[in-house]
Amino acid sequence: MKKISVIALVGVGLLAASCNSKEKSDTAVATEQAVAESKGEVLAVDTVASVVNWKAFHKGGMAPRWGTLAVKSGDISVDGGQVSAGNFVIDMNSIKVDPASVTEKDKKPGDLEAHLKNPDFFDVAKNPTSDFKITSVSDLKEAPKDAVAGANKNVSGNLTLSGKTMNVTFPAKVEVAENSAAIQAKFTVNRADWGIKFGTSEADPAEWMISKDIEIGIDVKAKK
């Protein structure tokens with residue numbers, strides 16, 4: 001497949017993009033921060049029950065693509081009934097394209113998956129994993145309208161994609177119960193912040209015909 005034929009994806013990870021020519025990512029992005037110290041009980045991430053979703057579009061909201069990534073490992077620390085720290089590792093070789101998102105007769109989900117793994121995109125041979133490490137968790141006073149349902153916390157963490165690490169902050173639904181914890185979130189990022197681009201420059205049609213915004217959906221569950 002040519003680059004221009006796969007302009008629908010990129011991130012990890014990944015559920016959204018702009019529906020017009022204006023990029024709309026409003027997730028707070030900063031340089032890498034100190035990782036939160038693990039305190040209290042450490043719960044192992046349930047890799048079977050956890051998943052990362054992604055979705056992206058061509059410019060104008062055309063030809064959306066979406067799919068999933070598997071969580072390879074991780075843990076969440078709980079101290080005093082609150083999440084104090086956590087991290088999870090994403091298996092980039094596990095990237096899947098939902099067949100329902102590929103409606104063109106001349107395109108196949110498997111071809112797109114293979115292309116996403118090559119050096120044009122995530123180069124999984126060089127970067128087989130991505131990861132997210134919590135740097136802070138704070139109370140959320142008012143959830144934005146696009147936040148995941150039930151969002152009650154602001155979560156900040158270092159997100160590593162394609163070997164580059166940036167700190168992101170987003171609203172999340174954080175639940176702690178006896179012997180378990182869960183984090184759900186949906187947030188939009190700009191792929192350019194991680195140096196992910198199509199084509200050779202901003203003037204390349206393979207670059208300006210696709211949205212820079214991608215939405216990542218996190219559903220991570222951990223248990224004792």
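It should be emphasised that the depicted structure is a prediction, and the values quoted were computed from it without experimental measurement.

Draft legend 1. Quick peek at the overall build of the protein chain. Summing up its helical and strand segments, the protein chain has two helices and 10 strands in all. Buried residues in the protein chain amount to 47% of all 224 residues.

Draft legend 2. A look at the nonpolar core. Within the largest apolar cluster, 43 residues are counted, with the highest numbers of intra-cluster contacts made by Ile76, Phe88, Phe132, Val168, Phe170, Phe187 and Trp194. In contact with Phe132, other than residues within four places in its own chain, are Gly86, Asn87, Phe88, Val155, Ser156, Gly157, Asn158, Leu159, Val168 and Phe170.

Draft legend 3. Highlighting the environment of Lys153. Tracing the backbone through its elements, the reader meets Lys153 in strand S7 (residues 153–161). By relative accessible area, Lys153 is classed as buried at 11%. Along the primary structure Lys153 and Lys141 are separated by 12 residues, whereas in three dimensions their C-alpha atoms are 8.1 Å apart. Beyond its immediate stretch of four places on either side in the chain, Lys153 contacts Gln82, Val137, Ser138, Asp139, Leu140, Phe170, Pro171, Ala172 and Val174. A distance of 3.0 Å separates a polar atom in the side chain of Lys153 from a polar atom in the side chain of Gln82.

Draft legend 4. Highlighting the confidence of the model for the protein chain. For the protein chain, mean pLDDT is 84; residues scoring 70 or higher make up 81% of the total. Under a pLDDT of 50 for its full length, residues 1–25 has, in the predicted model, 109 contacts with residues more than four places off or in other chains.

Draft legend 5. A look at the pattern of salt bridges. Following the criterion strictly, the structure yields seven salt bridges and no others. Ionic pairing is found between Glu104 and Arg65, a salt bridge with its closest N-O pair at 3.2 Å. With a gap of 39 residues between them, Glu104 in the loop between strand S5 (82–97) and helix H1 (109–117) and Arg65 in strand S4 (residues 65–79) connect regions that are remote in the sequence. Classification of Glu104 as partly exposed rests on a relative accessible area of 24%. Relative accessible area serves as the criterion here: at 3%, Arg65 is assigned to the buried category. Across the pair Lys221 and Asp219 runs a salt bridge, and its minimum N-O distance is 2.8 Å.

The rules we used
Residues numbered from 1 in each chain as written. Predicted model: local features only at pLDDT ≥ 70, side-chain atom pairs only at ≥ 80, totals over all residues. Heavy atoms only, no water. Helix = DSSP H or I, 4+ residues; strand = E, 2+ residues; numbered from the N terminus. Buried < 20%, exposed > 50% of the residue type's maximum accessible area, 1.4 Å probe, protein only. Core = buried A, V, L, I, M, F, W, Y, C linked by side-chain atoms within 4.5 Å. Contact = heavy atoms within 4.5 Å. Polar contact = N/O pair within 3.5 Å; in protein donor to acceptor, adjacent residues only side chain to side chain. pLDDT = per-residue confidence, 0-100. Salt bridge = Lys/Arg side-chain N within 4 Å of Asp/Glu carboxyl O.

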